[in-house]
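# Descriptive analysis of the structure
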Amino acid sequence: MRVDSTNILEDVQQHNEIELQQIARESGDWERLFHLSDNRANVVQWLEVAPETCALEIGAQAGAISAVIAPKYDRYVALDIAEDMKRAFEARKSCSGIEYVLDNICNYAVGHQGEFDDIYMIGCLANALEYISYGSAVNYNLTDSEACAVNDNLTDAQDCAIKLIETAKSMMKPNGRLIIASENKLGMKYWAGCQEENNGGYYINIENYPNGEVRRTFSKKELASILEKSDLRNLDWYYPYPDLYFAKSIYSDEYLPQPGELLDNINNYNRDRYLFFDEGKAYSSIIKEGLYPEFANSFLVIAHNNVGTDASVSDNDKTVYVKYSKERDRRFAIRTDIKRRRETANHNEIEALNCDNCYVVKKPCYPQGVEHIEHAYKCFENMFNEYEAAGMSLNNCKLSVDELRFEYVEGENLQTRIDSLIRRGDEQAAEELFDEYINRCFMSLPTVDFVTSEAFEEVYGKVDLGTDEAAYLQSDVDMICSNIFIQGDKWQVIDYEWSMDFAVPRNYILYRALYLAHHQIARCEFLELDRLMKKYGISEDKQNIFQSMENHFQEYVRGQSLSDSEVHKRIGKKIFTINELNEMNYENARLANDNANMSKRIEQLMRERSLIKAALSKLRRL
């Protein structure tokens, strides 16, 4: 996707990187979001980089990705063909020290064979012809076959992609990596009504570009074939979600999404779209059929140059899942990775993940978040014995430099178990299990009388809770059903990132848990919100106070960062639903009918006018 803007140069000249991130999300300008947001780098920011290595990025544009990943390397080269972006890149303060090359890749490759450890191609594969032909007399308004015919006798878009990849491969070291992020031409969002990214228009990618478009994307089968023809067969496949541009999660063949998990599907920042069906439900259906990789919106492929060696062989453990939590103040923005130990991998097949071969890592997205990680570990140490005494176990973790490493927990979480009981029609068993949850997780922990504090008011605001309000001195405020796993008689709390080391009212934490249970678990009588609040003694007045506390807490966590939904409100384009289309068709039909009736009436009046004129003429002759 290529986007140009005259505002970008001025932005990068006048602002530092933190200020640019605020501009990207608050400006209401798609071009600024695309060129400035560090979320563009989410698709590859999680990749581990060996010491003393060098990288080449093809398609660097204004440096949104370069600014994030270049600091990992001893040397970083950014290549692009967008002349209007060159000055913006070089003016970007966070890109100082990066070598910028304005040239086509074929010219640059001549003197740089076997030079780079990592080569990044993020979103540029669809523009392969442009990257191999920049500076030549290629007319990009030609059809695919016409454009390719004037460029080394290439015959189609796949040949262009192969040449781009083979040229990049020639610059890789023997054990290098080619890192490709590309749209899937069969991605679910396009079936549901999104326009094609590179050309615009509906369904042209699904219809295999019937108008001979030069810029093309590929299906998984096509991309695998292109890589194989480029002699790259040692591949790790990942699936950025919602897509490669602003990824929030990265799935892999070893860790695929579960039904009901993919719900963040409205992300049309740059073009209008239709909404022909519920993408979340459609995803659930294809996930159950084992078809998610074919319909993921985007691909991330790590192609290893070490032909004949399994892609999983490395000194480092392999990341199989990534989740970003960045709709937060920079102090709290974190990334969660699931990693598989290399020594346990069965290289002949994809094996199930378990506590023996996997672990979980949480780490800050920005340097400001190190204290948040250290605080979570301190709370773990302080709460561990207390929770054990109450019949719960905090998931073990270790603090290592700037990250927390957790055990990978197997089993079924409490929310899933209650939900399945309800769906089977056993609401009594579900309610009994829910009662056990309340008693074990809320009533068994020691309390004190609540006294406010500066720390409390910073997070939750000033509130009047009256007297005799029970509170925890140490607490996990996110003690919700989905964060508790049941393993026989053992209840394990897996996520205590939001733990507090000052007095917090017990009933506020209970209120959060009840509210989320009502909204996240299958509907049934005992989970009606009013019934839950009355059963567990939370009055309407207290509900209002606790909701005020929750709002303040969310503002504290979010800081100055706008939520993605707010960004979409400012930038996002129109969404047309089926009902709206039906109404538009009905209105168009009504107007067409009115126009037809009006035309008939006009014709009738014209005939009457002619008759009257004829009669008048006859009278004059008399």
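Everything that follows concerns the structure shown earlier in this document.
Residues numbered from 1 in each chain as written. Predicted model: local features only at pLDDT ≥ 70, side-chain atom pairs only at ≥ 80, totals over all residues. Heavy atoms only, no water.

### A short note on the overall build of the protein chain
Along the protein chain, the regular secondary structure elements total 23 helices and 24 strands. If one aligns the C-alpha atoms of the protein chain with their principal axes, the spans along those axes are about 105 × 85 × 50 Å. By residue count, 53% of the 622 residues in the protein chain fall in the buried class. As presented, the protein chain carries roughly 28,500 Å² of accessible surface, and 46% of it is formed by carbon and sulfur atoms. Side chains of the protein chain give 70 positive and 103 negative charges; the mean places of these two sets differ by 7 Å. (Helix = DSSP H or I, 4+ residues; strand = E, 2+ residues; numbered from the N terminus. Buried < 20%, exposed > 50% of the residue type's maximum accessible area, 1.4 Å probe, protein only. Areas by Shrake-Rupley, 256 points an atom, 1.4 Å probe, with all protein chains shown as cover. Lys, Arg positive; Asp, Glu negative; His and termini not counted. Charge placed at Lys NZ, Arg CZ, Asp CG, Glu CD.)

### Observations regarding the pairing of strand β15 (residues 403-407)
Here strand β12 (residues 358-364) pairs with β15 via 4 bridges, running antiparallel. Bridging across to β15, V361 finds its partner in R405. One ladder, built from 4 bridges, connects strand β14 (residues 397-400) with β15; its direction is antiparallel. Along β15, the bridge assignment pairs K398 with R405. Between the end of β14 and the start of β15, which pair antiparallel, lie 2 residues, with V401 showing a positive phi angle near 55 degrees. (Pairing = 2+ DSSP bridges.)

### A short note on a negative patch on the surface
Judged by side-chain charge, D426, E427, E432, E525, E528, D530, E540 and D541 come together as a negatively charged surface patch. Of all the secondary structure elements, the ones that give two or more residues to the negative patch are α17 (427-443) and α21 (540-558). Examined against the element boundaries, E528 turns out to sit in the loop between α19 (506-520) and α20 (529-535). Look at E528 and you get partly exposed, because its relative accessible area is 38%. (Patch = residues over 30% accessible without salt bridge, like charges linked within 9 Å, V, L, I, M, F, W, Y side chains within 5 Å. Salt bridge = Lys/Arg side-chain N within 4 Å of Asp/Glu carboxyl O.)

### With respect to the packing of helix α10 (residues 157-170) against helix α12 (residues 220-229)
Relative orientation of the contacting elements α10 and α12 amounts to 50 degrees, with a least axis distance of 9 Å. Classified by the angle their axes make, α10 and α12 are oblique. The interaxial crossing formed by α10 with α12 has right-handed handedness. From α10, Q158, A161, I162, I165 and E166 reach across to α12, where they touch E222, I226, L227 and K229. Across the contact of α10 with α12, the residue classes tally to 5 nonpolar, 1 polar and 3 charged. (Axes fitted to C-alpha atoms, helices over the stretch in contact; angles between N-to-C directions. Parallel < 35°, antiparallel > 145°, perpendicular 65-115°, else oblique. Left-handed = near helix turned anticlockwise from the far one by under 90°. Contact = heavy atoms within 4.5 Å. Nonpolar A, V, L, I, M, F, W, Y, C, P; charged D, E, K, R; others polar.)

### Details of the sheet that holds strand β17 (residues 448-449)
With antiparallel pairing, 3 strands are arranged side by side in an open sheet as β17-β18-β23. Every other strand in the sheet has two partners, leaving β17 and β23 (504-505) as the edge strands with one partner each.

### With respect to the side chain of D478
Along the chain, the position of D478 falls in the loop between β19 (475-476) and β20 (484-487). You can call D478 buried: its relative accessible area is 15%. Residues contacting D478, with those up to four places away along its chain left out, are N483, D495, W498 and R512.

### What about the nonpolar core?
Soluble globular proteins: nonpolar side chains tend toward being buried together. Core analysis: the largest hydrophobic core is formed by 128 residues, its most contacted members being F434, Y437 and Y460. Among the nonpolar cores identified, the runner-up in size contains 53 residues, and L9, V44, W46 and A247 belong to it. (Core = buried A, V, L, I, M, F, W, Y, C linked by side-chain atoms within 4.5 Å.)

### Digging into unusual backbone geometry
Cis geometry marks the peptide bond from Y241 to P242, where omega comes out at 5 degrees. Within the chain, N208 stands out as a residue other than glycine whose phi angle is a positive 65 degrees. Residue placement: N208 occurs in the loop between α11 (188-192) and α12.

### Topic: the packing of α17 against α19
One way to put it is that α17 packs onto α19 with a least axis distance of 11 Å and a crossing angle of 155 degrees. It follows that α17 is roughly antiparallel to α19 by the angle criterion. Remark: the crossing between α17 and α19 carries right-handed chirality. On α19, the residues touching F434, Y437, I438, F442 and M443 of α17 are R506, I509, L510, A513, L514 and A517. Of the residues in the contact of α17 with α19, the class split is 10 nonpolar, no polar and 1 charged.

### Notes on the packing of aromatic side chains
Going through the model one piece at a time under the given rule, you end up with 42 aromatic pairs. Here Y251 and Y321 contribute two aromatic rings whose centre-to-centre distance is 5.2 Å and whose plane-to-plane angle is 45 degrees, an arrangement assigned as tilted. Within this pair, whereas Y251 is found in strand β7 (residues 249-252), its partner Y321 is found in strand β10 (residues 318-325), the two being separated by 70 residues in sequence. Ring centres of F380 and Y496 lie 5.6 Å apart, and the angle between their planes is 15 degrees; this geometry places the pair in the stacked category. Here Y496 lies in the loop between β21 (490-493) and β22 (499-500) and F380 lies in helix α15 (residues 370-389), a separation of 116 residues in the sequence. You can call F380 buried: its relative accessible area is 8%. Residue class for Y496 comes out buried when judged on its relative accessible area of 1%. (Phe/Tyr/Trp six-rings, centres within 6.5 Å; stacked < 30°, edge-to-face > 60°.)

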